[in-house]
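Examining the three-dimensional arrangement
Chain by chain, the residues:
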Amino acid sequence: PYEAVDVYPKVTGFIDAILVDRGSHVKAGDVIARLSAPELVAQRSQAEAALHGAEAQLAAVQAKFTSDHGTFLHLQAAAKTPGVVAGNDLQIAEQVAAADNAQLAAASNNVQAVRESLRSVTQLESYLQIRAPFEGVVTQRNLHPGALVGPTSGPSGAQPIVQIESINRLRVIVPVPEAFAAGVREGQQVTFNVPAFPGRTFHAPIARI
C-alpha cells in the first residue's frame, strides 16, 4: 500500500463501539470507533461551571466600575465650580475608578482563560470519536468493545485499534542488482507481473531510486 497507518486513540477511554471490521472500506473522516470517558464529561461540567462563575464575577466588576466611574465623572464636573468638591474627594474617586478598571481587565482575562480551558476539554471530547485519516481498507482489527485504550499505547507495546491501508495507489519495491543499477532512471516506465493476476501485465513509472 502507498499509505498504511495503525490507528490509536488520542485520549484514554473505553471502547463503546467499533464500526468497522477487516475488509471495511472507509473514507477520510469516517468514524471507525467510539470511546466513552466519564471523566471528560465531568471536566466539561466543571469547566462550564467555572465559566459561569467567571462571567458573573466579570458582570459584577463591570457594574462596580460603571458606578464608580460615573461618580468620578460627576465629581469631576462639579469640581469645575470652585469650592463645591474637595480635591481629595476627587482624587479618591479617580483612584477607585482606576482600581475598578484594573479589576475589570483581570476579570476579563480570567473569563478568557476559563473559556480556553472549556474549549480544550471540548476538543478532547471530540477525540472520543476516532476517525479514519485517509480513504482505504481496514486490514486489521485488534480490539473489541469494552477494551480500555489510551494515548500511551503504540510504541509501548499495546495493539492499535485498527490498521488502515490505502489500496487506491500501490507501490512496488524492487531490488536491482548493482550491474543494472546504472541503467535505471527515475520516470522510466517498467512492466511487471504479480502472481495474484496471472496473464496480466502492469505498467508503472520508477518514482525514486
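The structure presented is a predicted model; accordingly, all values stated were derived computationally and were not measured. (Residues numbered from 1 in each chain as written. Predicted model: local features only at pLDDT ≥ 70, side-chain atom pairs only at ≥ 80, totals over all residues. Heavy atoms only, no water.)

A few points about the packing of aromatic side chains
Quick reminder of the rule: A pair of aromatic rings is counted whenever rings of Phe, Tyr or Trp (Trp by its six-membered ring) have centres within 6.5 Å, and the orientation is called stacked for planes under 30 degrees apart, edge-to-face for over 60 and tilted otherwise. Helix numbers and strand numbers start at the N terminus; a helix is a DSSP run of H or I with at least 4 residues, a strand a run of E with at least 2. Residue exposure (1.4 Å probe, protein chains only): buried if accessible area is under 20% of the type maximum, exposed if over 50%, otherwise partly exposed. Put simply, a charge is over a ring when the Lys NZ or the Arg CZ is close to the ring centre, within 6 Å, and near the line of the ring normal, within 35 degrees.
This structure, assessed with the given rule, holds 2 aromatic pairs. For the pair F192 and F202, a centre-to-centre distance of 5.7 Å together with 25 degrees between the ring planes defines the contact as stacked. Note that F192 is positioned in strand β9 (residues 189–192) and F202 in strand β10 (residues 202–205), a separation of 10 residues in sequence. The class of F192 is partly exposed, set by a relative accessible area of 23%. F202 gets classed as partly exposed once you look at its relative accessible area, which sits at 21%. For the ring pair F197 and F202, a centre distance of 6.0 Å and an interplane angle of 70 degrees mean the geometry is edge-to-face. Among the residues examined, F197 registers a relative accessible area of 40% and is labelled partly exposed. Taken together, the ring pairs connect F192, F197 and F202 into an aromatic cluster. Directly above the ring of Y2 sits R169, whose terminal nitrogen or CZ lies 4.2 Å from the centroid.

Points about the nonpolar core
For the record, the criterion: Only buried residues count toward a nonpolar core. Its members are Ala, Val, Leu, Ile, Met, Phe, Trp, Tyr and Cys residues joined through side-chain atoms within 4.5 Å. Contacts are assigned to residue pairs with any non-hydrogen atoms lying within 4.5 Å of each other.
Among the nonpolar cores identified, the biggest contains 21 residues, and I32, V162 and I164 are the most heavily contacted of them. Among the secondary structure elements, those contributing two or more residues to this core are β2 (13–18), β4 (31–36) and β8 (162–166). Among the elements that line this core, the one with the most residues is β4, at 3 residues. In contact with I32, other than residues within four places in its own chain, are V7, A17, I18, L19, V20, V26, I130, R131, A132, V162 and I164. A54, V111, V114 and L118 belong to the second-largest nonpolar core, a separate cluster that totals 6 residues.

Remember, this is a structural readout, not a statement about activity or role.
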